[in-house]
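Understanding the architecture of this molecule
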Amino acid sequence: EKGTYPYYMLKEIDEQPAVMRRLVQEYRQADGEIHIDSALVSELAASDRVYIVACGTSSHAGWAAKRFFEELTQIPVEIHLSSEFGYNLPLISKKPFFIYLSQSGETADSRQVLVKTNELDYPALTITNVAGSTLSREADHTLLLYAGPEIAVASTKAYTAQIAVMALLATAVGRTKGLAKATNFPVFQELGIVASAMESIISEKSHFSDLTAEYLTATRNAFYIGRGNDYYVSMEAALKLKEISYIQAEGFAAGELKHGTIALIEEGTPVIGIITDEVTGSHTRGNLKEVESRGAKTLVIASEALAKVGDQILLPQVHPYLTSLLAVLPTQLLAYYATLQRGYDVDKPRNLAKSVTVE
Ligand code: M6R
């Protein structure tokens, strides 16, 4: 039930801190260790490459997890779109491990790949919000998102829950391999910090509705840019904006702008920069300056430690592995308010279904 909320999407955005805390509860053992089936952890630890297969927002969650997963486990990670992978199986490593990310567990494109990898006898894990769903039943292992039902077509809390579960899994695998980075990463504590940081963003809703009125509501198109993890969040931010507000939006690797897309910048085009990475932040700022000088209206979402005077949205500090969990939140709220102000149905965008059960 959406209770006093006008739309499920807003309720689901608001639930994210509670989902982070629920994941800590569900996955923390009495001894403080991570509660994930040891057969799954050791099978993954023995693999030489992880293949994440997913669609839409779930594939973006895969991207958001790629870097920390590789660092914590020392296993290379590839992200594949189910609808591409299904028809052209790439060269597979000697000991692959497949992870299917799917909120619904019913996405036909992903299931089609799972059927294939099962035929080839490759080990598979489904990370899903729905216990007993098709992808869960057909994979060797399942990890649940514990996000509660997600009703709005635009996925929000499933994205952050998927990233959090990937962090728990990567930490468990890295610890099994005896890797210091994983042993020293206090994953439960860090997810708790993320939950509190999410609350502080959520408590400033009116700020986001003012920003959309100023930057997004009347625009025809918009761009999100970032580098590294901030680029991966940009892809998700753009999908969220376009699927419900119908503003044509693209998420870019900031450095790619000058290789073509900058031609689209006109007087007043909104360009939103995401800056949470201290190595690349100043480069993204440079790109924002470039588009500003061509007339773009820029808006900055930055971690507090990297913020500059004039930045419109500040993110409390969280562990560098987990910045996507936080950076995505303002972009969900911007999509929500832009849609509301443009007068569209936030929960039920045109032409879309909650789960896509045809290939
Ligand atoms: O249920 P799934 O996670 O497998 O769904 C995948 C996509 O269809 C889904 O994330 C879609 O992109 C959302 N509408 C995005 O908000």
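Anything mentioned here points back to the structure above.
Notes on the structure follow. What you see is a predicted model, and the numbers here were worked out from it, not measured in a lab. (Residues numbered from 1 in each chain as written. Predicted model: local features only at pLDDT ≥ 70, side-chain atom pairs only at ≥ 80, totals over all residues. Heavy atoms only, no water.)

1. Side note on the site of the ligand
Around the ligand, 13 residues are found, and the nearest of them are Ser 58, Ser 102, Ser 104, Thr 107 and Glu 243. At 3.1 Å from an oxygen atom of the ligand is found a main-chain nitrogen or oxygen belonging to Thr 57. Here an oxygen atom of the ligand sits 2.8 Å away from a polar atom, N or O, in the side chain of Lys 240. Within the complex, the protein chains bury 91% of what would otherwise be the 410 Å² of accessible surface of the ligand. The cavity that encloses the ligand is the largest pocket. If you list the elements that add at least two residues to the shell around the ligand, you get helix H4 (56-73) and helix H12 (229-245). Residue contributions to the shell around the ligand peak at 3 residues, all from H4. Classifying every residue of the shell around the ligand by side-chain character gives 3 nonpolar, 8 polar and 2 charged. (Near = heavy atom within 4 Å. Polar contact = N/O pair within 3.5 Å; in protein donor to acceptor, adjacent residues only side chain to side chain. Areas by Shrake-Rupley, 256 points an atom, 1.4 Å probe, with all protein chains shown as cover. 1 Å grid on protein atoms, 1.4 Å probe; cavity = no way out; pocket = protein on both sides within 12 Å on 5 of 7 lines; lining within 4 Å. Sits in = over half its atoms within 2 Å of the grid points. Helix = DSSP H or I, 4+ residues; strand = E, 2+ residues; numbered from the N terminus. Nonpolar A, V, L, I, M, F, W, Y, C, P; charged D, E, K, R; others polar.)

2. Details of the packing of aromatic side chains
Per the stated rule, a full pass over the model turns up 13 aromatic pairs. On the numbers, 5.9 Å between centres and 80° between planes, the contact of Phe 85 with Phe 98 is edge-to-face. Taken as a pair, Phe 85 in helix H5 (residues 82-85) and Phe 98 in strand E3 (residues 96-102) lie far apart in primary sequence, 13 residues in all. An identical accessibility class is assigned to Phe 85 and Phe 98; each is buried. (Phe/Tyr/Trp six-rings, centres within 6.5 Å; stacked < 30°, edge-to-face > 60°. Buried < 20%, exposed > 50% of the residue type's maximum accessible area, 1.4 Å probe, protein only.)

3. Considering the nonpolar core
Core analysis: the biggest nonpolar cluster contains 95 residues, and Phe 68, Phe 69, Ile 99, Ile 127 and Leu 169 have the highest contact counts within it. In terms of residue count, the dominant contributor to this core is helix H8 (residues 157-176) (13 residues). Non-local contacts of Phe 68, meaning those with residues more than four positions away in its chain, are made with Ile 163, Met 166, Ala 167, Ala 170 and Tyr 321. Formed by 14 residues, the second largest nonpolar core is a distinct cluster that contains Ile 225, Ala 254, Leu 257 and Leu 288. (Core = buried A, V, L, I, M, F, W, Y, C linked by side-chain atoms within 4.5 Å. Contact = heavy atoms within 4.5 Å.)

4. As for the pairing of strand E7 (residues 248-253)
Relative to E7, strand E6 (residues 221-226) runs parallel, the two being bridged by 6 bridges. Across the sheet, Ala 222 pairs through a bridge with Ala 249, a residue of E7. Remark: the E6/H12/E7 crossover connection has right-handed handedness. (Pairing = 2+ DSSP bridges. Right-handed = clockwise from strand over helix to strand, strands pointing away.)

5. Some remarks on the sheet that holds strand E1 (residues 49-54)
Spatially, 5 strands are ordered E2-E1-E3-E4-E5 in an open sheet, and the strand pairing comes out parallel. Here the strands that pair on one side only, and so sit at the sheet edges, are strand E2 (77-81) and strand E5 (141-144). Strand-to-strand twist of the sheet, defined as the mean angle between neighbouring strand axes without regard to direction, takes the value 20°. (Axes fitted to C-alpha atoms, helices over the stretch in contact; angles between N-to-C directions.)

6. So, the pattern of salt bridges
Scanning the entire structure with this criterion turns up 14 salt bridges. With a closest N to O distance of 2.7 Å, Glu 78 and Arg 49 form a salt bridge. Of the two residues, Glu 78 is situated in strand E2 and Arg 49 in strand E1; the sequence distance between them amounts to 29 residues. Put simply, Glu 292 and Lys 289 hold a salt bridge, and the shortest N to O gap is 3.8 Å. Residue Glu 292 and its partner Lys 289 are located together in helix H13 (residues 281-292), separated by 3 residues, close to a single helical turn. Linked by salt bridges that have partners in common, Lys 11, Glu 15 and Lys 157 make up one network. (Salt bridge = Lys/Arg side-chain N within 4 Å of Asp/Glu carboxyl O.)

7. Digging into the sheet that holds E6
Judged by pairing direction, the sheet is parallel, and its 5 strands sit side by side in the order E7-E6-E8-E9-E10 without closing on themselves. Only two strands of the sheet have a single neighbouring strand rather than two, namely E7 and strand E10 (313-315). Each neighbouring strand pair of the sheet contributes to a mean axis angle of 20°, computed without reference to strand direction. With 3 bridges joining them, E6 and strand E8 (residues 270-275) adopt parallel strand pairing. Note that in E8 the partner of Tyr 224 across the bridge is Ile 272. Each of E6, E8, strand E9 (297-303) and E10 touches helix H14 (residues 323-342); the most contacted strand, E10, lies at about 150° to it.

8. As for the environment of Gly 3
Note that Gly 3 resides in the segment before helix H1 (8-14). According to the relative accessible area criterion, Gly 3 is exposed, its value standing at 61%. When the C-alpha positions of Gly 3 and Leu 239 are compared, they lie 27 Å apart, and in sequence the two are 236 residues distant.

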